[in-house]
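Listed here are the chains, written in short residue letters.
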Amino acid sequence: MTQAAGRTARVELSDVSKHYGHVRALEGVSLQVHAGEITCVLGDNGAGKSTLIKIIAGLHQHDGGTLRLDGEETRLGSPREALDRGIATVYQDLAVVPLMPVWRNFFLGSEPRKGVGPFKRMDVDFMRRTTHSELLRMGIDLRDVDQPIGTLSGGERQCVAIARAVHFGAKVLVLDEPTAALGVKQSGVVLKYVAAARDQGLGVVLITHNPHHAYLVGDRFVLLKRGSMAGSHTRDSITLDELTRQMAGGNDLDDLRHELQRT
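A brief report on the enclosed structure follows. This one's a predicted model, so the numbers in the text were calculated from it and none came from an experiment.

1. Details of the packing of helix H5 (residues 154-167) against helix H6 (residues 184-199)
And step 1. The interhelical angle for the contact between H5 and H6, taken along N-to-C directions, is 10°, at an axis separation of 9 Å. As far as their axial angle goes, H6 and H5 are roughly parallel. On the side of H5, the interface is formed by Gly155, Glu156, Gln158, Cys159, Ile162 and Val166, while H6 contributes Gln186, Val189, Val190, Tyr193, Val194 and Ala197.
And step 2. Class assignment of the residues belonging to the contact of H5 with H6 gives a composition of eight nonpolar, three polar and one charged.

2. Things to note about the packing of aromatic side chains
And step 1. Inspection of the entire model under this criterion finds five aromatic pairs.
And step 2. Between Phe106 and Phe168 the ring centres are 6.4 Å apart and the planes differ by 40°, which places this aromatic pair in the tilted class. One end of the pair, Phe106, is in helix H3 (residues 102-106); the other, Phe168, is in the loop between H5 and strand S11 (172-176), with 62 residues separating them in the sequence.
And step 3. Taking relative accessible area as the criterion, Phe106 reaches 0% and is therefore assigned buried.
And step 4. Judged by its relative accessible area of 37%, Phe168 falls in the partly exposed class.
And step 5. Among the aromatic residues, ring-to-ring pairing joins Phe106, Phe107, Phe126 and Phe168 into one connected group.
And step 6. Taking the ring centre of Tyr215 as reference, the NZ or CZ of Arg235 above it sits at 4.3 Å.

3. Brief notes about the side chain of Thr208
And step 1. Summarising the element assignment, Thr208 is placed in strand S12 (residues 203-208).
And step 2. A polar side-chain atom of Thr208 sits 2.9 Å from the main-chain amide nitrogen of Asn210.
And step 3. Discounting residues that sit within four places of it in the chain, Thr208 has contacts with Val41, Leu42, Gly43, Lys49, Glu177 and Ala214.

4. Concerning the pattern of salt bridges
And step 1. All told, the structure shown has 13 salt bridges when counted by the stated rule.
And step 2. In this structure, Asp125 and Arg128 form a salt bridge, with 3.9 Å as the shortest nitrogen-oxygen distance. With Asp125 and Arg128 both in helix H4 (residues 124-137), this residue pair falls three residues apart, about one helical turn.
And step 3. A relative accessible area of 45% places Asp125 in the partly exposed class.

5. Considerations on H4
An α-helical turn contains 3.6 residues, so any two residues separated by three or four positions project in the same direction.
And step 1. Spanning 14 residues, H4 covers 20 Å between terminal C-alpha atoms, matching the ideal 20 Å at 1.5 Å per step.
And step 2. Where the residues of H4 are buried, they touch H3, strand S10 (121-122) and H5.
And step 3. Gly139 occupies a position one or two residues after H4 and carries a positive phi of about 90°.

6. Description of unusual backbone geometry
And step 1. Not every positive phi belongs to a glycine, and Asp15 is a case in point at roughly 50°.
And step 2. The residue Asp15 is located in strand S3 (residues 11-20) in this model.
And step 3. Positive phi outside glycine occurs at Glu177, with the angle close to 45°.
And step 4. On the secondary structure map, Glu177 appears in the loop between S11 and H6.

7. Structural notes on the pairing of strand S14 (residues 228-234)
And step 1. Relative to S14, strand S13 (residues 220-225) runs antiparallel, the two sharing six bridges. Note that in S14 the partner of Arg220 across the bridge is Thr234.
And step 2. The hairpin formed by S13 and S14 contains two residues between the paired strands, and Arg226 there has a positive phi angle of roughly 50°.

8. Quick word on the nonpolar core
And step 1. One finds Val102, Leu135, Ile140, Ile162, Leu173, Leu175 and Phe221 to be the most contacted residues of the largest nonpolar core, which totals 45 residues.
And step 2. Residues in contact with Phe221, not counting those within four places in the same chain, are Cys40, Leu42, Ala214, Tyr215, Gly231, Ser232, His233, Thr234, Arg235, Ile238 and Leu243.
And step 3. If you look at the next biggest cluster of nonpolar residues, it comprises 24 residues, including Leu31, Leu76, Val172 and Val222.

Conventions adopted
- Residues numbered from 1 in each chain as written.
- Predicted model: local features only at pLDDT ≥ 70, side-chain atom pairs only at ≥ 80, totals over all residues.
- Heavy atoms only, no water.
- Axes fitted to C-alpha atoms, helices over the stretch in contact; angles between N-to-C directions.
- Helix = DSSP H or I, 4+ residues; strand = E, 2+ residues; numbered from the N terminus.
- Parallel < 35°, antiparallel > 145°, perpendicular 65-115°, else oblique.
- Contact = heavy atoms within 4.5 Å.
- Nonpolar A, V, L, I, M, F, W, Y, C, P; charged D, E, K, R; others polar.
- Phe/Tyr/Trp six-rings, centres within 6.5 Å; stacked < 30°, edge-to-face > 60°.
- Buried < 20%, exposed > 50% of the residue type's maximum accessible area, 1.4 Å probe, protein only.
- Lys NZ or Arg CZ within 6 Å of the ring centre and 35° of its normal.
- Polar contact = N/O pair within 3.5 Å; in protein donor to acceptor, adjacent residues only side chain to side chain.
- Salt bridge = Lys/Arg side-chain N within 4 Å of Asp/Glu carboxyl O.
- Expected span 1.5 Å × (residues − 1).
- Pairing = 2+ DSSP bridges.
- Core = buried A, V, L, I, M, F, W, Y, C linked by side-chain atoms within 4.5 Å.

Everything listed is a geometric property; what it means functionally is a separate question.
Set out below in structure tokens:
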């Protein structure tokens, strides 16, 4: 059981590996996610970020190493089990129904009902009120929660998904490239609400390929390269320039620069 500053990690991976036949997707990856902190996982395409998400989210089980939740060694058998243990994952495609209103998407699959017997029906008024108040609590002031969620910007949809996870009691929030398809302004909006989730005591795993976004909010940084650890740092042990350099390839980039120099 690993502790930092006297606290047990919400999620801890130690030397975790995952293979698909002869393909090595992950090898010897370790990270910690603490309450009230953001752990950023950085890497290019094919670095192993998606596999890491699937292990934490319960979609796939690891082949080697250990996964601990609140200090207890475990193997997650399904996404539902991960959700029941307080791990909410927000994927890039968000899994929303664009033509449904915001409040309907907020409660999708967990709709509260009122009445009894044949008169039992969805409590629409409660869902509208709750959606508006929960979004407001996160600092998201939507004029109309009846508008189709597809009319919101990409950043606003990400923020609704974050607020939904907070409302339904997530202890750990895993975000899959939430700023990948967004411009600078919308990315800033999303990062603001990622920080708001951290400030409410959640442990956050932010998957990204952008070191500038990671450094704005991150407390810990794990770099992946072709399925293996390329670095692990706390915020006070690395600068943005060095993080960017390592993300860009580090020594490999220096070698390439030397090869490309004019003679």
